[in-house]
Amino acid sequence: MKEHNDSLVLDGIDKEILRSLMENARKPILEIARKVGVSGAAIHQRLRKLEASGLIAGSKFIIDPKVLGYKTMAFVGVYLDKAVSNPKAVSQLQEIPEVIECHYTTGNWSIFIKILCKDNEHLMNVLNKDIQAIDGVSRTETFISLNQQINRQIKI
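Residues numbered from 1 in each chain as written. Predicted model: local features only at pLDDT ≥ 70, side-chain atom pairs only at ≥ 80, totals over all residues. Heavy atoms only, no water.

Trainee: It is not clear to me how the environment of Thr142 should be interpreted in this structure. Could you clarify?
Mentor: Tracing the backbone through its elements, the reader meets Thr142 in strand 6 (residues 137-145). On the accessibility criterion, Thr142 (31% relative accessible area) is partly exposed. Separated by 18 residues in sequence, Thr142 and Met124 place their C-alpha atoms 10 Å apart. With sequence-adjacent residues up to four places away left out, Thr142 is seen in contact with Ala74, Phe75, Val76, Leu123 and Leu127. (Helix = DSSP H or I, 4+ residues; strand = E, 2+ residues; numbered from the N terminus. Buried < 20%, exposed > 50% of the residue type's maximum accessible area, 1.4 Å probe, protein only. Contact = heavy atoms within 4.5 Å.)

Below, the structure is given as structure tokens:
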């Protein structure tokens, strides 16, 4: 069965390639080719097609922040004084290295961010000295993650 989204069509071979590479982006192309029963060149061609479609955006190494001493993960709801403050606030949040995600949301907050800090004291400093000092930020609401229980990509 083929799945498609507008102009992108994924067949079973595409899905198998994607599953293999999502499991281990360093898996040899020839190993994947043998598994799905096509040539290495066919795998390369399909990967180029998937990249050109925008479905694949490169590959990356994933660093474990805990090994670097970042043991506190928090989610912060940021309240802005007015909606027009958003672009300037996001620009200033971009300059804070501990901010690793930033989302423009519906609901209570104007912005919802994910931050990584070394400990609770580091978190308090980032909140008080960096985030709450941004023009337009009226207040924040912080949730500390005790344990990330699910971490995955969308299923192919």
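Trainee: Teacher, can you tell me more about the sheet that holds strand 3 (residues 72-80) here?
Mentor: Two strands in a sheet stick together by hydrogen bonds in their backbones, pointing the same way (parallel) or opposite ways (antiparallel). Judged by pairing direction, the sheet is antiparallel, and its four strands sit side by side in the order 4-5-3-6 without closing on themselves. Of all strands in the sheet, those with a lone pairing partner are strand 4 (99-104) and strand 6, marking the two edges. The average angle at which neighbouring strand axes cross in this sheet is 20°, direction not considered. With five bridges connecting them, strand 4 and strand 5 (residues 111-117) associate as antiparallel partners. Note on strand 5: the bridge partner recorded for Glu101 is Lys114. On top of the sheet, helix 4 (residues 86-94) reaches strand 3, strand 4 and strand 5; it is set at about 10° to strand 5, its chief contact. (Pairing = 2+ DSSP bridges. Axes fitted to C-alpha atoms, helices over the stretch in contact; angles between N-to-C directions.)

Trainee: What am I meant to see in the packing of aromatic side chains here?
Mentor: The geometry of an aromatic ring pair is captured by two quantities: the separation of the ring centres and the angle between the planes. Tallied over the full model, the rule gives three aromatic pairs. Plain terms: the ring middles of Phe75 and Phe112 are 6.0 Å apart, the flat faces sit at 10° to each other, and that makes the pair stacked. One end of the pair, Phe75, is in strand 3; the other, Phe112, is in strand 5, and 37 residues separate them in sequence. Looking at Phe112, the relative accessible area reads 21%, which means it is partly exposed. Three or more aromatic residues link up through ring pairs in this structure, and these residues are Phe75, Trp109, Phe112 and Phe143. The ring centre of Tyr79 lies 3.8 Å from the NZ or CZ of Arg139, which sits over that ring. (Phe/Tyr/Trp six-rings, centres within 6.5 Å; stacked < 30°, edge-to-face > 60°. Lys NZ or Arg CZ within 6 Å of the ring centre and 35° of its normal.)

Remember that the coordinates give geometry; whether it matters functionally is a separate question.
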